[in-house]
Amino acid sequence: MYSDKVMDHFENPRNVGELADASGSGTVGNAKCGDIMKMDIKVEDDIITDVKFKTFGCCAAVATSSMATEMIKGKTVSDALALTNRAVAEALDGLPPVKMHCSILAEEAIHAALEDYQKKHPQG
Ligand code: FES
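Residues numbered from 1 in each chain as written. Predicted model: local features only at pLDDT ≥ 70, side-chain atom pairs only at ≥ 80, totals over all residues. Heavy atoms only, no water.

A closer look at the pairing of strand 1 (residues 24–29)
As a general feature of sheets, a regular strand has side chains that alternate between the two faces. Applied cut-off: When a residue's accessible area, from a 1.4 Å probe over protein chains only, is under 20% of the maximum for its type it is buried; when over 50% it is exposed; and in between it is partly exposed. The secondary structure listing takes helices from DSSP runs of H or I that are at least 4 residues long and strands from runs of E that are at least 2 residues long, numbered from the N terminus. At least two bridges found by DSSP between two strands are what make those strands a pair.
Side chains G24, G26 and V28 of strand 1 all project onto a buried face; the interleaved residues S25, T27 and G29 project onto a face where none is buried. Pairing analysis gives six bridges linking strand 1 to strand 2 (residues 36–44), with the strands arranged antiparallel. Bridged to G26 within strand 2 is M39. Between strand 1 and strand 2, which pair antiparallel in sequence order, lie six residues; one of them, G34, sits at a positive phi of approximately 85 degrees.

A short note on the environment of C59
Here is the rule: Two residues form a contact once any of their heavy atoms are found within 4.5 Å.
Tracing the sequence through the fold places C59 in helix 2 (residues 59–72). We classify C59 as buried; its relative accessible area is 14%. Along the backbone, C59 and H9 are 50 residues apart, and their C-alpha atoms lie at a distance of 8.9 Å. Beyond its immediate chain neighbours, meaning those up to four positions away, C59 contacts Y2, V6 and F10.

Pasting the structure below:
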């Protein structure tokens, strides 16, 4: 049912935990299943230098969050905002269609954390 990459990120998730000195944090719930995800990001000079997540989500939620955190690390805030759940699922060699909704959790949590960062650091 799951690709090798999904299983790898599920069994060895990258960037799990919390950041004590986060620049922004976001917590979101998945409307379809009720699972929850928290994302902390650290931003320096518009670059995401660190990111950690915690989730009560399923295997697909853990794997997509792990992959998404790897994909936004080192990116600018606007590049990270442009990352879609579809791109993350593709990077994992796909997800079963019934599990696509799980990948939305990571995308929404990243957006919530970045919006929190932008609110705390208004430009100009
Ligand atoms: Fe809830 Fe996958 S079933 S995130």
